[in-house]
Number of protein chains: 2
Amino acid sequence: MRVLQTTQAQRLETIGRLRYFEHWNAQQVAAIAATANILAVDKGHELVTRGKPLNSLYLVITGEFRFFVPIPGGQARSLGLVGEGRSFGEACVELAINCPYSGVATTNSHVLAIEGTAFKHEVHKSTRLLSQLLALVANRLMSVMNDLETCAQHSSLQRVACYLGQFQPPGDASSYAVPIEGRKKDIATRIGLTPETFSRVLTTLEQNGTLSSKGKVITVLDAARLRQIYLNGCEPGY
Amino acid sequence: MRVLQTTQAQRLETIGRLRYFEHWNAQQVAAIAATANILAVDKGHELVTRGKPLNSLYLVITGEFRFFVPIPGGQARSLGLVGEGRSFGEACVELAINCPYSGVATTNSHVLAIEGTAFKHEVHKSTRLLSQLLALVANRLMSVMNDLETCAQHSSLQRVACYLGQFQPPGDASSYAVPIEGRKKDIATRIGLTPETFSRVLTTLEQNGTLSSKGKVITVLDAARLRQIYLNGCEPGY
DNA sequence: CGTAATCTTGAGGCTCGTCAAAACAAGTGG
DNA sequence: CCACTTGTTTTGACGAGCCTCAAGATTACG
C-alpha cells in the first residue's frame, strides 16, 4: 500500500466524481479534501484489521474490498464486499472505536482515505449530511440483522433457502436469478456454513429441481418449494 | 395492551423525566408529545412483530422487553433486553421499513409510543438530535456485530468463552462477575446454542475451575484460561 | 406452600465439519 | 495458442459435536 502524492485540486476532482458527496457543498468538500489521501492498495493487502483503531473512513474509487471477522483457528466469517463508489468505516469513525472487522483488497484498488475527525467535524454541522449518514448506518444495521437471521436457521438447507430467498423480486415470480459476487466460499461462511456443505446443499437443491447452479450463475426455479424448505426445515423428501 | 388516556401535560411530564430527551428543547418535546401515547403492555404481549411495519418508536417507561428473531420450527434467536429508560425502533422508523425482530414484554410494562413521522420530522431539523440518534444507531450496529462474531465461533466452548470475555473489565484482573439479565435460555440462543448445550458448557468450565456458576451469578475465576479456550478451541484437556 | 417456569442432567441419533484429493476455472508467461 | 501455475469448487469418507427428546432438580412467584 502506498500513499499517492496528490494536489488539493486532484483530490477535489476525485471527490467531485463520487456520488457519495453529491449533497456536499463546495466548502464542505474542500474541508475534507484537505485532509484526504488517495491510497493504492495491492490485491490481498489488509487495509483495516479487526481490533485496530480506524482513524479514517474509506471510499473505494476503483477495485473492491472483502470484509470478514477473523476467527481463531478456523474459517473467517465473511461480511460482504464493498465495490467502487461505496464506503466503509463510518460507524467506527463516528464512535471512535476499534474496527470490528478486517478488510482486504480483492483486486489492486484505489481508495480515498478521509481523516475521521475532519469528516465528523463537517458532517456534524449539517442536518443534510447527518441524515445521509444516519440512513447509511441504519441500512448497514439492517443488513447485519438480516445476516444474523440467516445464520440463525437450524439446518444448512434452511440457511441456504433463507439466503436465496432474499433475492426474490417483488411479485410472485417463481423463477429468479441470484447474484453471486465474489467467491462461493464467502457466501458459505457468511451464512455460517463451510464451503463444502454449501456446495453439497446446492447440488441437493439442484437435483430436486429447486434451482439450477452452473458455475457463478444460480437461478431459483421453484420459489414456492424454496419457501417450503425454509419453513418446514427437514421435511422428509428433501 | 391498552392506550392510556393522557393529557398533553401528562405526556410532557413523562417525557421530561426521560434522559433520552435531555438534549431536546421545549418546542421539540412539545411537538412529539402531541403525537405520543402511553401504552400499558401486559407481560407476554408481543408489541412489535418481525416483518410488520413499525410506525412508532418506543421508549420503555417501566418494565422490560425481550427481543428476538423468530425461526420457523425452532428456538427463536434472542437479541437482548431493553429496560427502563431505553428505546427501540429508531432504525426502522428512520428507514420506514418492516421490523426485523419481534419484541414481547417480560413484565407488565408502560411504554411511550412516539409517532414515527413526527419524530423524524423533529430530529431531522436539529444537528444535535441527529448526532444523538446517529450515535445510538451506530452503537446498535456494533452490538449486533459483536453478537455475530460470538456466534461465528466454531465450538460451543469457544462461543461461551467469547461471550463471557466481553464482560472482562479493563486491566488484567483474572476474576470478574458476568451480569446475567433475563434467562439463561436467552443467552444460549443469542450465541447460537440450545439451553442444554449452554448449561453443559458452564458445568464443564466450572469443573475445571475457569468459572463459578451459582444460579444467576456467573463469576469468571481464570480469565487467562478463558482466553486460551477462546483462542485454542478444542485443545485437549478442556 | 403449591404451581409454573426455568435450569440441569442423561442418552442417542444425525447433521455438519474435517481432512484429503480430484475436477474445474482463471490468469500468466512462453 | 497452449502448457503451467494458482486458486476455487466439488466430491467422498469419516468422526465429533451438537441438537433432540425426555425426565428430574431447582428456582421463582403467587
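In this text, all values refer to a predicted model and were calculated from it rather than measured experimentally.

## A closer look at the sheet that holds strand β5 (residues 65-69) of chain B
Argument step 1. Pairing is antiparallel across the open sheet formed by four strands, whose spatial order is β3-β8-β5-β6 (chain B). The two strands at the open ends of the sheet, each matched to only one other strand, are β3 (46-48) and β6 (77-82) of chain B. Pairwise comparison of adjacent strand axes, ignoring direction, gives a mean angle of 30° for this sheet.
Argument step 2. Looking at chain direction, β5(B) and strand β8 (residues 102-105) of chain B are connected through four bridges and run antiparallel. Paired with Phe68(B) across the bridge in β8(B) is Ser102(B).
Argument step 3. Each of β5 and β6 of chain B touches helix α5 (residues 127-151) of chain A; the most contacted strand, β6(B), lies at about 135° to it.

## So, the relation of the copies chain A and chain B
Argument step 1. Once turned by 180° and shifted 0.0 Å along the axis, chain A lies on chain B with an RMSD of 0.0 Å. The two molecules are tied by a two-fold rotation axis, judged by turn and shift.
Argument step 2. Interface overlap between copies: 100% of the residues of chain A at the interface are likewise at the interface in chain B, consistent with a symmetric, same-surface contact.

## Points about the interface of chain A and chain B
Argument step 1. The interface is formed by 43 residues belonging to chain A together with 43 residues belonging to chain B.
Argument step 2. Both faces considered, chain A and chain B share a buried interface measuring about 3700 Å² in area, 78% of it formed by carbon and sulfur atoms.
Argument step 3. Among the residues of chain A in contact with chain B, Pro72(A), Leu134(A) and Leu148(A) are the three that bury the most area, contributing 17% of the side total.
Argument step 4. Applying the counting criterion to the chain A and chain B interface returns two salt bridges.
Argument step 5. Sort the elements by how many residues they give to the side of chain A that touches chain B and α5(A) lands first, with 18 residues.
Argument step 6. The class makeup of the residues in the side of chain A that touches chain B is 25 nonpolar, 11 polar and seven charged.

## What to know about the domain arrangement of chain A
Residue and element names in this part refer to chain A.
Argument step 1. When cut into domains, chain A gives domain 1 (2-149) and domain 2 (155-232).
Argument step 2. The distance between the C-alpha centroids of domain 1 and domain 2 comes to 30 Å.
Argument step 3. Between domain 1 and domain 2, the residue contacts involve 12 residues of the former and 11 residues of the latter.
Argument step 4. Counting the surface lost from both domain 1 and domain 2, the interface buries some 1000 Å², and carbon and sulfur atoms represent 40% of this.
Argument step 5. On the domain 1 side of the contact with domain 2, Gln75, Ser78 and Leu81 bury the most area, a combined 41% of that side's loss.
Argument step 6. The shortest N-O distance in the salt bridge between Asp186 and Arg66 comes to 3.9 Å.
Argument step 7. Where domain 1 touches domain 2, the interface holds six residue pairs in polar contact (both at pLDDT 80 or more).
Argument step 8. For the side of domain 1 that touches domain 2, the secondary structure elements donating two or more residues are β6 (77-82) and α5.

## Considering the pattern of salt bridges
Argument step 1. The final tally for this structure, using the stated rule, is 16 salt bridges over all chains.
Argument step 2. We note a salt bridge from Arg50(B) to Glu149(A), for which the minimum N-O separation is 2.5 Å. Residue Arg50(B) is located in the loop between β3 and β4 (56-62), and its partner Glu149(A) is located in helix α5; the two belong to separate chains.
Argument step 3. Given a relative accessible area of 34%, Arg50(B) falls into the partly exposed group.
Argument step 4. According to the relative accessible area criterion, Glu149(A) is buried, its value standing at 7%.
Argument step 5. One salt bridge connects Arg225(B) with Asp222(B), and the closest N-O pair in it is separated by 3.9 Å.

## Observations regarding helix α9 (residues 223-232) of chain A
Residues and elements named next belong to chain A.
Argument step 1. For α9, every residue scored as buried is listed here: Ala223, Leu226, Ile229 and Tyr230. What you see down the axis of α9 is that its buried residues fit within an arc of 115°, all on one side.
Argument step 2. Contacts from the buried residues of α9 go to α5, α6 (156-165), β10 (176-178), α8 (195-207) and β12 (217-220).

## So, the protein's contact with DNA strand D
Argument step 1. In the vicinity of DNA strand D, 16 residues are found, and the nearest of them are Arg183(A), Lys184(A), Thr203(A), Ser156(B) and Thr197(B).
Argument step 2. A share of 68% is what sugar and phosphate atoms reach among the atoms of DNA strand D within 4 Å of the protein.
Argument step 3. Take Ser156(B): an N or O atom from its main chain is 2.5 Å from a phosphate oxygen of DNA strand D.
Argument step 4. Taking Thr197(B), its side chain carries an N or O atom lying 2.6 Å from a phosphate oxygen of DNA strand D.
Argument step 5. Sorting the residues of the surface near DNA strand D by element identifies α7 (184-190) and α8 of chain A together with α8 (195-207) of chain B as the ones contributing at least two each.
Argument step 6. Considering each element in turn, the surface near DNA strand D owes the most residues, four residues, to α8(A).

## Some words on the protein's contact with DNA strand C
Argument step 1. Close to DNA strand C lie 16 residues, the nearest being Ser156(A), Thr197(A), Arg183(B), Lys184(B) and Arg200(B).
Argument step 2. Backbone atoms, meaning sugar plus phosphate, form 64% of the atoms of DNA strand C positioned within 4 Å of the protein.
Argument step 3. Between Thr197(A) and DNA strand C, the recorded distance is 2.6 Å, taken from a side-chain N or O atom to a phosphate oxygen.
Argument step 4. Here Lys216(B) contributes a side-chain N or O atom positioned 3.5 Å from a phosphate oxygen of DNA strand C.
Argument step 5. Secondary structure elements with two or more residues in the surface near DNA strand C: α8 of chain A together with α7 (184-190) and α8 of chain B.
Argument step 6. Top contributing element to the surface near DNA strand C by residue count: α8(B), with four residues.

So, how was this worked out
- Throughout this document, residue positions are counted from 1 along each chain, in the order its sequence is written.
- Whichever chain is written first is A, and whichever ligand is written first is 1; the rest continue in order.
- Whole-chain, interface and lining totals are the exception, using all residues; otherwise, since this is a predicted model, local features are given only for residues with pLDDT of at least 70 and side-chain atom pairs are given and counted only at 80 or more.
- Side-chain measures were taken over the full set of non-hydrogen atoms in the model, leaving aside hydrogen atoms and water.
- Two strands are counted as paired when DSSP detects at least two bridges linking them.
- For the purposes of this entry, the term helix denotes a DSSP run of H or I that reaches at least four residues, the term strand denotes a run of E that reaches at least two, and both are numbered from the N terminus.
- Working convention: axes come from line fits to C-alpha atoms, limited for helices to the stretch in contact. Angles between N-to-C directions cover 0 to 180 degrees.
- Note on definitions: a residue-residue contact is assigned when non-hydrogen atoms from the two residues lie within 4.5 Å.
- To line up the copies, we fit them by least squares on C-alpha atoms, keeping just the residues with pLDDT of at least 70 in both.
- Two parts lose some accessible area (1.4 Å probe) when they are put together, and adding that loss for both gives the buried area.
- A carboxyl oxygen of Asp or Glu within 4 Å of a side-chain nitrogen of Lys or Arg is what we treat as a salt bridge.
- Following the grouping adopted for this structure description, the nonpolar residues are Ala, Val, Leu, Ile, Met, Phe, Trp, Tyr, Cys and Pro, the charged ones are Asp, Glu, Lys and Arg, and the polar ones are all others, Gly among them.
- For every domain, the bounds stem from an assignment made automatically or drawn from a database.
- Here a polar contact means two N or O atoms within 3.5 Å. Within protein one must be a hydrogen donor candidate and the other an acceptor candidate, and residues neighboring in sequence count only if both atoms are side-chain atoms.
- The rule is simple: take the accessible area with a 1.4 Å probe, protein chains only, and divide by the maximum for that residue type; under 20% is buried, over 50% is exposed, in between is partly exposed.
- Taken from the helix axis, the directions to the C-beta atoms give the arc we talk about.
- Proximity is defined per residue: any heavy atom of the residue falling within 4 Å of a molecule or strand makes that residue near it.

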